[in-house]
Amino acid sequence: MHDKLETIYERVLSRNPGETEFHQAVREVLESIGPAIDKHPEYAQARIVERICEPERQVIFRVPWEDDSGDIHINRGFRVEFNSALGPFKGGLRFHPSVLLGTVKFLGFEQVFKNALTGLPIGGGKGGSDFDPRGRSDREVMRFCQSFMLELYRHIGEYTDVPAGDMGVGSRELGYLFGQYKRITNRYESGVLTGKDLAYGGAQVRKEATGYGCTYFVDQVLKARGDSFEGKDVVVSGSGNVALYTIEKVHQLGGRVVAASDSSGFVHDPKGIDLELLKDIKENRRERITSYTDAVPHAELVTDRSIWQVPCQVALPSATQNELDADDAAALARNGCLVVGEGANMPTTPDGVRVLREAGVLFAPGKAANAGGVATSALEMQQNASRDSWSFRYSENRLREIMIDVHDRCHATAEEYGRPGDYVAGANIAGYSRVAEAMLALGLV
Ligand SMILES: NC(=O)C1=CN([C@@H]2O[C@H](COP(=O)(O)OP(=O)(O)OC[C@H]3O[C@@H](n4cnc5c(N)ncnc54)[C@H](OP(=O)(O)O)[C@@H]3O)[C@@H](O)[C@H]2O)C=CC1
Ligand SMILES: N=C(CCC(=O)O)C(=O)O
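Basis of the calculations
Think of each chain on its own: its residues are numbered from 1, step by step along the sequence as written. Chains and ligands are labelled sequentially in the order written, the chains with letters from A and the ligands with numbers from 1. Whole-chain, interface and lining totals are the exception, using all residues; otherwise, since this is a predicted model, local features are given only for residues with pLDDT of at least 70 and side-chain atom pairs are given and counted only at 80 or more. Water and hydrogen atoms were dropped before computing side-chain values, which therefore reflect all heavy atoms in the structure. UniProt positions are given in the numbering used here, feature names are shortened, and annotations may be inferred rather than shown by experiment. Per the convention used, a helix needs a DSSP run of H or I reaching at least four residues, while a strand needs a run of E reaching at least two, with both numbered from the N terminus. Each residue is assigned to one of three classes by its accessible area relative to the maximum for its type, calculated with a 1.4 Å probe on protein chains only: buried under 20%, partly exposed between the two thresholds, exposed over 50%. Residues count as neighbours in contact if any of their non-hydrogen atoms are within 4.5 Å of one another. Near, as used in this document, describes a residue that has one of its heavy atoms within 4 Å of the molecule or strand being considered. Two N or O atoms form a polar contact when they lie within 3.5 Å of each other; inside protein one atom must be a possible hydrogen donor and the other a possible acceptor, and for residues adjacent in sequence the pair counts only when both atoms belong to side chains. Here the Shrake-Rupley method, with its probe set to 1.4 Å, supplies the accessible areas, and only the displayed protein chains count as covering residues. Each residue is assigned to one class: nonpolar for Ala, Val, Leu, Ile, Met, Phe, Trp, Tyr, Cys and Pro, charged for Asp, Glu, Lys and Arg, and polar for all the others, Gly among them. Count a disulfide wherever a pair of cysteine sulfur atoms falls within 2.5 Å. Any helix carries an expected span of 1.5 Å times its number of residues minus one. What counts as a ring pair is set by centres within 6.5 Å for rings of Phe, Tyr and Trp (its six-membered ring), and what kind of pair is set by the plane angle: stacked under 30 degrees, edge-to-face over 60, tilted for all other angles. Here, a charge over a ring is recorded when the distance from Lys NZ or Arg CZ to the ring centre is within 6 Å and its angle to the ring normal is within 35 degrees.

Novice: What is the right way to look at the UniProt feature "binding site: substrate" (unreviewed entry) in the protein chain in this model?
Specialist: With numbering aligned to this structure, UniProt lists the feature "binding site: substrate" (unreviewed entry) at Lys90, Gln111, Lys114, Gly165 and Ser377. Mapping lysine 114 onto the fold places it in helix H6 (residues 101-117). Taking relative accessible area as the criterion, lysine 114 reaches 3% and is therefore assigned buried. With respect to the helices, strands and loops of the structure, serine 377 is situated in helix H16 (residues 372-385).

Novice: Would you take a moment to explain the environment of threonine 376 for this structure?
Specialist: Assignment of secondary structure puts threonine 376 in helix H16. Placed 194 residues apart in sequence, threonine 376 and lysine 182 show a C-alpha to C-alpha distance of 23 Å. For threonine 376, the residues in contact, after removing those within four places along its chain, are Gln204, Val205, Arg206, Ala209 and Leu399.

Novice: What is the right way to look at the site of ligand 2 in this model?
Specialist: Surveying the vicinity of ligand 2 reveals 14 residues, the closest of which are Lys90, Lys114, Lys126, Asp166 and Ser377. Here an oxygen atom of ligand 2 and a side-chain polar atom of glutamine 111 are 3.0 Å apart. Interatomic distance of 2.6 Å between a side-chain N/O atom of serine 377 and an oxygen atom of ligand 2. If ligand 2 stood free it would expose 300 Å²; the protein chains cover 94% of that surface. When residues of the shell around ligand 2 are traced back to their parent elements, those giving at least two are strand S3 (89-95), H6 and H16. Residue composition of the shell around ligand 2, by class: 2 nonpolar, 7 polar and 5 charged.

Novice: Teacher, can you tell me more about the state of the cysteines here?
Specialist: Formally, a disulfide is one covalent bond, and it connects the sulfur atom of one cysteine to the sulfur atom of another. Overall, the coordinates contain 0 disulfides when judged by the stated rule. Left unpaired, cysteine 410 is separated from the closest cysteine sulfur, that of cysteine 214, by 13 Å.

Novice: In this structure, what is going on with helix H7 (residues 138-152)? I would like to understand it.
Specialist: Along an α-helix, residues three or four apart share an orientation, since each turn contains 3.6 residues. Along its 15 residues, H7 runs 20 Å from first to last C-alpha, staying within 8% of the 21 Å computed at 1.5 Å per residue. Along H7, the positions that sit buried rather than exposed are Glu140, Val141, Met142, Phe144, Cys145, Ser147, Phe148, Met149 and Leu152.

Novice: What's the story with the environment of serine 129 in this structure? I'm lost.
Specialist: Assignment of secondary structure puts serine 129 in strand S4 (residues 124-129). Spatially, the C-alpha atom of serine 129 lies 26 Å from that of proline 350, the residues being 221 residues apart in sequence. Excluding anything up to four places from it in sequence, serine 129 contacts Asn75, Arg76, Gly77, Phe78, Arg94, Phe95, His96, Val99, Phe144 and Phe148.

Novice: Just checking my understanding: could you explain the packing of aromatic side chains for this structure?
Specialist: Here the distance between the centres and the angle between the planes together describe a pair of aromatic rings. Under the counting rule described, the total for this entry stands at 17 aromatic pairs. Seen in terms of ring centroids, tryptophan 65 and phenylalanine 131 are 5.3 Å apart; in terms of plane orientation they differ by 90 degrees. Their pairing is edge-to-face. Taken together, the residues span a long stretch of sequence, with tryptophan 65 in strand S1 (residues 57-66) and phenylalanine 131 in the loop between S4 and H7 at a distance of 66 residues. Of the two residues examined, tryptophan 65 and phenylalanine 131, each falls in the buried class. Here the aromatic residues Phe61, Trp65, Phe95, Phe131, Phe144 and Phe148 are joined through ring pairs into a cluster of three or more. Note that lysine 249 overlies the ring of tyrosine 212, its terminal NZ or CZ placed 4.4 Å from the centroid. For the cation-ring pair, arginine 400 lies above tyrosine 216, with the distance from its terminal atom to the ring centre recorded as 5.7 Å.

Novice: Would you take a moment to explain the site of ligand 1 for this structure?
Specialist: In the vicinity of ligand 1, 24 residues are found, and the nearest of them are Arg134, Asp166, Arg206, Ser263 and Arg288. One of the backbone N or O atoms of asparagine 241 is found 3.0 Å from an oxygen atom in ligand 1. The contact in question runs from an oxygen atom of ligand 1 to an N or O atom on the side chain of asparagine 345, over 2.8 Å. For ligand 1, the accessible surface in isolation is 900 Å², of which the surrounding protein chains cover 83%. Among the elements of the structure, helix H9 (206-223), helix H10 (241-252) and strand S7 (256-262) are those that each provide at least two residues to the shell around ligand 1. Grouping the constituent residues of the shell around ligand 1 by class yields 4 nonpolar, 13 polar and 7 charged.

Have a look at this one:
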């Protein structure tokens with residue numbers, strides 16, 4: 001790491017003790033952007049890096065709510081408004097028992113550069129809660145969301161901060177959140193949340209966007225080496241919003257997804273995952289992945305080893321952070337994996353990335369590969385602002401164009417800075433440069 005950046009990194013560690021995921025996200029960026037710092041001394045003079053590493057605002061609040069049996073629960077809510085140089089703060093809400101301030105800060109920091117890579121006018125932020133919606137009734141989820149929004153509403157707005165979905169926050173949760181926001185503010189401010197259902201101002205393709213976009217990005221990586229998804233065995237971890245629509249687009253492009261997971265284990269189906277069945281299990285019945293093998297006898301349920309032991313040519317981690325470690329990376333390389341594309345945020349550990357790089361496996365980092373979700377959220381904001389709604393076909397074409405542009409921008413930047421084929425360097429330098437130029441123009445704010 002560049003000497004100046006090492007000093008900055010040490011200060012990030014000392015000012016944010018114990019926030020290991022945030023440290024990890026910062027370190028990855030600082031390890032990449034040294035060449036950009038050398039090329040632009042004005043960035044150092046304006047202390048741009050130090051300012052980017054410090055969120056503009058961090059809000060933490062109490063969320064009390066009552067379950068169906070009348071018991072009281074107290075959860076903690078977060079919104080980290082990281083950087084608004086390029087536009088209103090933009091980023092998801094995560095409802096998961098593992099959520100801590102450091103988790104939200106890692107996600108928000110990633111979001112700043114991801115959103116910049118889309119070329120769209122959106123800043124970066126993230127929020128959520130340690131509330132676990134899994135196993136809760138719709139009414140319990142509604143009561144939690146209403147209590148959560150009773151605090152959050154004062155900090156958000158279509159021109160201020162626009163939340164969306166992430167782990168544990170899908171169209172059900174967004175509907176309850178939007179309904180409460182509308183009631184509190186007495187405004188039909190469609191653009192205050194994205195990922196909304198089509199019934200009340202949502203946009204075509206937003207549900208599919210992260211998964212489709214990641215697949216489009218990896219398709220470009222394969223095309224750059226004269227290859228494609230055709231005939232490839234693919235492993236996709238997770239079975240939530242990102243994973244399901246990654247599987248859908250991989251199958252449309254001629255690949256075969258042979259394994260998917262949830263936190264209880266994974267299913268291996270050598271004939272190819274039956275997506276309609278998996279969607280019914282996950283989106284309608286909200287059941288465990290074990291229900292898949294109940295319906296598909298030839299499929300294997302595995303709970304005692306990593307999904308990344310399953311041989312494949314393309315690996316698409318789409319579950320959660322740090323799910324793919326050095327041993328997983330070595331197994332993928334040993335089994336002939338050509339590309340790893342991150343649908344999730346920061347799913348590969350630093351040692352995992354190192355092993356993949358040393359083995360010559362192409363690597364597409366999440367801040368570039370999974371940007372299709374937030375990009376389509378920005379398109380939802382455009383439609384809401386113009387009181388318009390675009391067709392599925394037009395929206396998907398826009399998404400595909402954006403992902404090709406993101407890929408080409410990362411690829412070209414990596415070449416420009418002497419790191420050909422290094423999508424991590426390309427993504428971090430390109431994203432950072434766009435944010436830095438805006439921050440320079442806006443003065444010391
Ligand atoms: N939604 C979006 O628009 C975007 C999401 N992302 C990122 O993609 C990832 C997935 O998000 P999303 O699909 O929205 O979330 P969902 O909650 O819809 O799905 C998450 C999936 O991952 C599984 N999972 C969670 N932890 C583990 C684990 N330790 N091992 C195996 N599986 C696990 C969950 O299983 P279980 O049900 O058992 O918990 C679930 O199947 C996250 O990193 C998110 O930040 C990135 C860009 C956009
Ligand atoms: N959870 C998301 C989507 C954010 C958004 O659509 O605003 C992400 O980019 O990580």
